[in-house]
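# Structure assessment
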Amino acid sequence: MNRIDTALFLAAGRGVRLGPRGHLVPKGFLELDGITLTERAVARLRAAGIEEIVIVTGHLAGHYEALAERLGGGVRTVFNPDYARLGSGHSLAVGLAASAGEVLVLESDLVWEDRALAAMRDVEGDTVLLVSGETASGDEVWVWSDPNEPTPRLATMSKQRHHRPEAAWGELVGLTRIGPAMRPVLMAEIARATAEKPLVDYETCLVGACRTAPVELVRIEDLAWSEIDDEGMYARVVAEVWPRIRARDRAI
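In this report, we go over the structure that sits alongside the text. (Residues numbered from 1 in each chain as written. Predicted model: local features only at pLDDT ≥ 70, side-chain atom pairs only at ≥ 80, totals over all residues. Heavy atoms only, no water.)

## Points about the pairing of strand S8 (residues 128-132)
Across the five residues that make up S8, a large majority, five, are buried. With burial as the criterion, each face of S8 is covered, one bearing Val128, Leu130 and Ser132 and the other bearing Leu129 and Val131. Both S8 and strand S11 (residues 170-178) contribute to a ladder of four bridges, which runs antiparallel. Residue Ser132 lies in a different strand from S11, and its bridge partner there is Glu171. (Buried < 20%, exposed > 50% of the residue type's maximum accessible area, 1.4 Å probe, protein only. Helix = DSSP H or I, 4+ residues; strand = E, 2+ residues; numbered from the N terminus. Pairing = 2+ DSSP bridges.)

## Brief notes about helix H7 (residues 202-209)
Of all eight residues that make up H7, seven are buried, and the element is covered over most of its length. The complete set of buried residues in H7 reads Tyr202, Glu203, Cys205, Leu206, Val207, Gly208 and Ala209.

## As for unusual backbone geometry
We note that Asp33 has phi near 55°; this positive angle belongs to a residue other than glycine. Within the secondary structure, Asp33 is located in the loop between strand S2 (31-32) and strand S3 (35-36). Residues other than glycine seldom take positive phi values, yet Leu60 does so here, at roughly 55°. The residue Leu60 is located in the loop between strand S4 (52-57) and helix H3 (61-71) in this model.

## Focus: the side chain of Asp229
Here Asp229 shows up in the loop between strand S13 (225-227) and helix H8 (231-249). In terms of polar contacts, Asp229 uses its side chain to reach the side chain of Arg17, at 3.3 Å. Only 2.9 Å separates the side chain of Asp229 from the side chain of Lys27, close enough to count as a polar contact. With near-sequence residues (within four places) excluded, Asp229 lies in contact with Arg17, Leu18, Lys27, Asp109 and Asp139. (Polar contact = N/O pair within 3.5 Å; in protein donor to acceptor, adjacent residues only side chain to side chain. Contact = heavy atoms within 4.5 Å.)

## Some words on the side chain of Thr135
Within the element layout of this structure, Thr135 appears in the loop between S8 and strand S9 (142-145). Thr135 sits in the buried class, given a relative accessible area of 18%. Once you skip the residues sitting within four places of it in the chain, Thr135 turns out to touch Glu140, Glu171, Trp225 and Arg236.

Now the structure itself:
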């Protein structure tokens, strides 16, 4: 089993697609059964023995700062002052600079069952990306494995299902374990890609970095999970996804 030293939330985004709700609270403060996504994720991470938790903030940063103070016990925030000008690639660089060791990167708008976290710890490899089977969520990011490798390794990602002639290996979930070998490679790729395209996302940077440092893929076919980008996805999570997770995990 691999040790994960730090959980790193990417939570600087402006939540534009959530409309009016996104102007009031960050996406990590959406609630399920009266508990915010961030609070529930922190509880699960702590239950798995991950005590060091870093939240990269930007939009409505005060919400996270107050939450970190209330939760205490290793939860801290780091502010990305360029959150409105630069993309999530830069937010990842800010978070990596403020953390050490083996890092689990999580998108702040996710809900997921415990098997997702277990997979991140159990799979060998320096850097590991989690994918699932098809979710029909309507905003999928498809992941392809390198056909020249004997074990599944990241080749590319795209929101276009037919980006490559062969079938995608799965859907991007939004949990990535980054090891020490990948860290300097990824930091260099983020700097290069951001200079070329300021709003570059972290996924594009990871694809660029995987050409130098391999990214192993682990797939859970029937994983219950979802991101929440807009009101329609929030309604789907409340009605369909969260009940599945709650039934499987029987926990917060």
